[in-house]
Amino acid sequence: MNFFWKIVLFFVAIRYGFFEVVFPRVSQWAVNSPDLLPAPAAAMSMYTWLMMVAIAIYILSSEERIADFMTPIHQFLKPQTAAAKKGMQIVVLAAIPLFGGWSYFDVNSPKMVSPTAVRIQHPTMPGSFEGMKNPLRDPTEEQVEEFIAEQKELAEEAAEDEEMEPVTVPNNIEDGRIALVSKWTEEGAALYAVNCRPCHGMQADGVGPMAVGWRLQPANFRDPGTIATIVEEYAFWRVSKGGPGLPSASTPWDSAMPIWDLDLSENERWKILLGEYFLAGVGPRQTEKLE
Amino acid sequence: MFLSGIVFLGGVFSVFGAGAQEIVDYRTFFGFDPRTTVWIIAELHLMFGAFVLGVPMFAVTVEYVGVLTGEERYDRLAKDFTRLLSASFALTAALGGLLTFALFTLYPKVMTFMSGIFHESFYIYAFFFFGETFVLYFYYYSWDRLKNRKGIHISAGILLNLIGLIIMGISNSWATYMMSPSGIDPETMKFTGTLMDAIWNPLWNPLNLHRILGNAVFGGYVAGAYAAVKFLTAQTEEDRAHYDWMGYVGNFIAIVSLLFLPFAGYYLGREVYSFSPVMGNNMMGGAFSWTFIIQAIGIGSLLILGNFYLWMGMGRIPGAERYQGFIKFILFILTLSFAIWLTPHNLPLSSGEQLRMGGQYHPTLKFFGLMPAKNAVINFMILGTFFSFLLYRRGNISKTIPFSQQGGGAKFWTLIFTGLAFASILWYGEYLWNLDPKELDLPPEKVEFFSLAAWCLIGQAFFIAVAVAFTFKDQGKIGQAILFTYTVINTVFILGIYGFVVMAEASPFLRNIAVAQWLSMLSCIIAVLTIDIFIFRKAEHMGAIRWGKMSAVSQYVLLTLFIVSLLTMGIMGFIRSGLRENWHVYGVLEDTSDWAFTPTNLYAAKVIAFCALTFILMMTVAFWLSELGEKKKVK
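Residues numbered from 1 in each chain as written. Chains lettered and ligands numbered in written order. Predicted model: local features only at pLDDT ≥ 70, side-chain atom pairs only at ≥ 80, totals over all residues. Heavy atoms only, no water.

**Re the packing of aromatic side chains**
1) Next: This model, assessed by the stated rule, comprises 58 aromatic pairs over all chains.
2) Next: Between A:Phe4 and A:Phe69, the ring centres sit 5.1 Å apart and the planes meet at 45 degrees, which makes this aromatic pair tilted. Taken together, the positions of A:Phe4 in helix 1 (residues 3-31) and A:Phe69 in helix 3 (residues 63-77) put the pair 65 residues apart, joining distant regions of the chain.
3) Next: Given a relative accessible area of 17%, A:Phe4 falls into the buried group.
4) Next: For A:Phe69, a relative accessible area of 17% corresponds to the buried category.
5) Next: Pairwise contacts between aromatic rings join A:Phe3, A:Phe4, A:Trp5, A:Tyr58 and A:Phe69 into one cluster.
6) Next: Lying over the aromatic face of A:Tyr16, A:Arg15 brings its terminal NZ or CZ to 4.9 Å of the ring centre.
7) Next: Over the ring of B:Phe597 we find B:Arg35, and its NZ or CZ is 4.7 Å from the ring centre. (Phe/Tyr/Trp six-rings, centres within 6.5 Å; stacked < 30°, edge-to-face > 60°. Helix = DSSP H or I, 4+ residues; strand = E, 2+ residues; numbered from the N terminus. Buried < 20%, exposed > 50% of the residue type's maximum accessible area, 1.4 Å probe, protein only. Lys NZ or Arg CZ within 6 Å of the ring centre and 35° of its normal.)

**A word on the side chain of B:Asp244**
All names here are of chain B.
1) Next: The topology assignment puts Asp 244 in helix 8 (residues 237-275).
2) Next: Asp 244 sits in the buried class, given a relative accessible area of 0%.
3) Next: Looking at Asp 244, its side chain comes within polar contact range of the main-chain nitrogen of Gly 548, at 2.6 Å.
4) Next: When residues no more than four places from it in sequence are discounted, the contact partners of Asp 244 are Phe 231, Tyr 309, Arg 316, Arg 546, Trp 547, Gly 548, Lys 549, Met 550 and Gln 555. (Polar contact = N/O pair within 3.5 Å; in protein donor to acceptor, adjacent residues only side chain to side chain. Contact = heavy atoms within 4.5 Å.)

**Describing helix 11 (residues 324-342) of chain B**
In an α-helix there are 3.6 residues to a turn, and that puts residues three or four apart on one side.
1) Next: Spanning 19 residues, helix 11 of chain B covers 27 Å between terminal C-alpha atoms, matching the ideal 27 Å at 1.5 Å per step.
2) Next: Turning to helix 11 of chain B, its buried residues number three or more, namely B:Gln324, B:Ile327, B:Ile330, B:Leu331, B:Leu334, B:Thr335, B:Ser337, B:Phe338, B:Ala339, B:Ile340, B:Trp341 and B:Leu342.
3) Next: Taken together, the buried residues of helix 11 of chain B touch helix 2 (41-60) and helix 3 of chain A together with helix 10 (289-313) and helix 13 (371-393) of chain B. (Expected span 1.5 Å × (residues − 1).)

**Details of the domain arrangement of chain B**
Residue and element names in this part refer to chain B.
1) Next: By the assigned domains, chain B splits into domain 1 (10-346 + 371-399 + 540-634) and domain 2 (400-539).
2) Next: Spacing between the C-alpha centres of domain 1 and domain 2 amounts to 31 Å.
3) Next: Taken together, the 25 residues of domain 1 in the interface contact 30 residues of domain 2.
4) Next: Both faces considered, domain 1 and domain 2 share a buried interface measuring about 2400 Å² in area, 74% of it formed by carbon and sulfur atoms.
5) Next: When the buried area of domain 1 at its contact with domain 2 is split by residue, Pro 372, Leu 383 and Phe 386 rank highest and sum to 25% of it.
6) Next: Counting every contact that joins domain 1 to domain 2 gives two salt bridges.
7) Next: In this structure, Arg 394 and Asp 532 form a salt bridge, with 2.6 Å as the shortest nitrogen-oxygen distance.
8) Next: One can count three residue pairs in polar contact (both at pLDDT 80 or more) joining domain 1 with domain 2. (Domains from an automatic or database assignment. Buried area = accessible area lost by both parts, 1.4 Å probe. Salt bridge = Lys/Arg side-chain N within 4 Å of Asp/Glu carboxyl O.)

**Some details on the nonpolar core**
1) Next: With 248 residues, the main nonpolar core has B:Phe51, B:Phe81, B:Phe118, B:Phe218, B:Leu432, B:Phe509 and B:Phe615 as its most contacted residues.
2) Next: Residues within four places of B:Phe615 in sequence aside, it is in contact with B:Leu44, B:Met47, B:Phe48, B:Phe218, B:Phe562 and B:Leu566. (Core = buried A, V, L, I, M, F, W, Y, C linked by side-chain atoms within 4.5 Å.)

**Focus: the interface of chain B and chain A**
1) Next: Taken together, the 60 residues of chain B in the interface contact 53 residues of chain A.
2) Next: On the chain B side of the contact with chain A, B:Val278, B:Asn281 and B:Arg356 bury the most area, a combined 10% of that side's loss.
3) Next: Here chain B is connected to chain A by zero salt bridges.
4) Next: Summed over the shared surface of chain B and chain A, the result is 16 residue pairs in polar contact (both at pLDDT 80 or more).
5) Next: When residues of the side of chain B that touches chain A are traced back to their parent elements, those giving at least two are helix 8, helix 9 (277-284), helix 10, helix 11, strand 1 (349-350), helix 12 (351-357) and helix 16 (476-505) of chain B.
6) Next: Ranked by residue count, the leading element in the side of chain B that touches chain A is helix 11 of chain B, at eight residues.
7) Next: A per-class count over the side of chain B that touches chain A returns 29 nonpolar, 22 polar and nine charged.
8) Next: In the sheet, strand 1 (residues 116-117) of chain A pairs with strand 1 of chain B via two bridges, with the strands oriented antiparallel. (Nonpolar A, V, L, I, M, F, W, Y, C, P; charged D, E, K, R; others polar. Pairing = 2+ DSSP bridges.)

**Observations concerning a negative patch on the surface**
1) Next: Taken together, A:Glu141, A:Glu142, A:Glu145, A:Glu146, A:Glu150, A:Glu153, A:Glu156, A:Glu157, A:Glu160, A:Asp161, A:Glu162 and A:Glu163 make up a surface patch of like negative charges.
2) Next: Residue position: A:Glu162 is located in the loop between helix 5 (141-160) and helix 6 (173-195). (Patch = residues over 30% accessible without salt bridge, like charges linked within 9 Å, V, L, I, M, F, W, Y side chains within 5 Å. Areas by Shrake-Rupley, 256 points an atom, 1.4 Å probe, with all protein chains shown as cover. Lys, Arg positive; Asp, Glu negative; His and termini not counted. Charge placed at Lys NZ, Arg CZ, Asp CG, Glu CD.)

**Focus: the pattern of salt bridges**
Pairs may arise between side chains of opposite charge once their charged atoms sit close together.
Residue and element names in this part refer to chain B.
1) Next: Applying the stated criterion to the full structure yields 19 salt bridges over all chains.
2) Next: Its salt-bridge partner being Asp 239, residue Arg 76 comes within 3.9 Å of it at the nearest N-O pair. With Arg 76 in helix 3 (residues 72-106) and Asp 239 in helix 8, the pair connects residues that are 163 residues apart, well separated along the chain.
3) Next: Exposure remark for Asp 239: the relative accessible area of 29% places this residue in the partly exposed category.
4) Next: What emerges from the salt-bridge pattern is a single network uniting Glu 63, Asp 75, Lys 147 and Lys 150.

**A few points about unusual backbone geometry**
1) Next: Even without a glycine there, the phi angle at A:Asn32 is positive, about 60 degrees.
2) Next: Looking at the secondary structure, you find A:Asn32 in the loop between helix 1 and helix 2.
3) Next: Unusually for a residue other than glycine, B:Asp474 sits at a positive phi of about 65 degrees.
4) Next: Examined against the element boundaries, B:Asp474 turns out to sit in the loop between helix 15 (451-472) and helix 16.
5) Next: Its relative accessible area of 32% is what places B:Asp474 among the partly exposed residues.

**Focus on the confidence of the model for chain B**
Residue and element names in this part refer to chain B.
1) Next: Considering every residue of chain B, the mean pLDDT works out to 90; 95% of them sit at 70 or more.
2) Next: Averaged over each element, pLDDT in chain B is lowest for helix 1 (residues 2-17) (59) and highest for helix 18 (residues 552-578) (96).
3) Next: Under the prediction, the complex receives an ipTM of 0.87, its pTM being 0.89. (pLDDT = per-residue confidence, 0-100.)

Okay, here's the thing in structure tokens:
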């Protein structure tokens, strides 16, 4: 086989053999999906272009390869005498403009397809939220003292009432602070279970019972690309303003994420975030120290 | 005719002069959008600035090489370039003046604010600008006179570069201050610091570093493009040979600096995140994430085209045919890496595709969009490029002199350089080994994720030692191969894949993984190159490089490289400046004009393309003018 056909064969093997046949099946097998999983059209066109450029570079990077590649083409284009070869020549030369015309028609003729949307994962948050801190991560001394006092009362009650579970009283402020934050986290997780679980799932993995109903899937908080890469005030903004609060560049029309500042108090929303990060097993992005 | 002219001018002034007494926050440029006006002027000024700063680096280096090697052609090249410099220097200054006017007239409020903080620095800037002018003209016009006193002349060249860097540093401080203001009292939002606080703001040094390297790259590509045009129009074989060689030198300098640029970018990006994680997210995962993909196309193209040019160059080296077989593998790796480098986490999807995949991510391709994948492939691309370069270097080498007969100097320098690489790897390995998870805000049990990276680095150090041992046993090539192979396995495969685990389990540590990958890659380049230099020293050649025996295609590649670098620079500038969103000075001075919104990528692309085109046109005219004088002299 000459160089020209090797190149053509290579292109066909990768573009059609690999991307149309092998890749969708390997992807399907890898994630155990019921459907074949071909690369999306946008990725495909990118890969195809890249491959053509790479092939052009390969051929053009040496004089010999240019010659090897062009010789069969020159041979083919020479005036032919044999009828079969002449026929072939006419067919190919006619096919090229026809193919061009058809592609043009194919690209430009009206079709029924859903438009391709470019999604921005983390759109710009309104400046008023930047710099907010979750007040529940660092309770004040008074809050902790109040909490310890409450725990003491409860412990006394528990000592008298046999049906109540025993209550531990933190013996210093530090322990008290930890105990208080974990109490809030538990309360947050409970609020999460009531409000967010249907979509985001009890494991915070984005597959709650209602998730299948949406085309744009609820965020999977265990994925390192969601709440773990954003600062907490960003998540607070998302919970407060939901899908409708997104800027127009980020497809607010197809996000089912509700607006929660209508139903939950500010304190509850911060609490939910404690629970949400805890359930997902990740923390919010911390500001790196400047070196 | 004359009278009507006066009447017309009078009319013009009376229209535009109206309302001149009012004090306003914003003005338009004859009714045109002031932001785009400033954008275009600033971009053009920056492109010229990059040229005027990048070329002297290039010129002095080349001049010094000329002294070292005693070859006349280096000197001719350096001088050629300095001539272009004097032609474009005036344009840079004129654009700078125009930019100042534009800023003060279109954005008076901003400039009042900025001059309130920076007024002293304006005069320091002007002072150095005078200095730059004097030294530049001295450097150029004393070229022949100081022919025999190169020490003085090169010192002048170095001084020129130093002053250039200071000038750039001062103007960088203004630009970075607007992104990351420091010395601001958080209560009153008023500036309470000193001038130095303002200059030394968090992004200042990262941007300085990034721009210095960027300018070196750009200087190289401009040289390449200029050489390409001269090559294509050359009348004699001799000229063709000279300009072919010049294109090669330009591309070489550009590629070497380009290898470091991603890491300067990484440093800048990290500091953006540290200054404001929200700004960081806008950059990488938000409003600018698609712009970043476009920029990635630019960077990847520069690497691939650089390799393409090297491979074509092998055609003029007798004996390089022996290495042709490697090209398809390098190309395959580069293309594959490029494809991964470009694949975004969030692919553009139609809703049919979304339904089929059950979400907005492709279940397998999504991994290519994550940071560990990007880190792995950029290292792979750089190592691939380095490999091409090694092949190019050994193209015409036939019989070599064994390392053991290379003399004491060779052994000494080999030990010094590889020892440096070895030590820095061990140093970082030890740092990772003893790293306290608390420093990264991680719980103590996450320490288990640190040791693998430390072991990989110890392995790297070990293989550097192995490579050196082989070299001393006159088996340098085998040593190189072992070290190179280990580096690929280590940076691309082990640490690259482990990055995904770290990202899921101990995400802040991913940054250290990236540094470990980069250091391993760099140590490999340093060690392998040092060995390469000494095992091929004084080797026999299969014939001289046939300069001038290059296809026209290669010259168009040089031109494309220049244009791509120009566009990439424009896009990066758009991102950097756009990150401020609707703030003139981030978080301090808000943009309340009608142009506070972030422009779309399409609009940005049009503006940048316009700037690039204008720059090329202005440059062409400047070069042509400088050529006029030359021709006269010949006559």
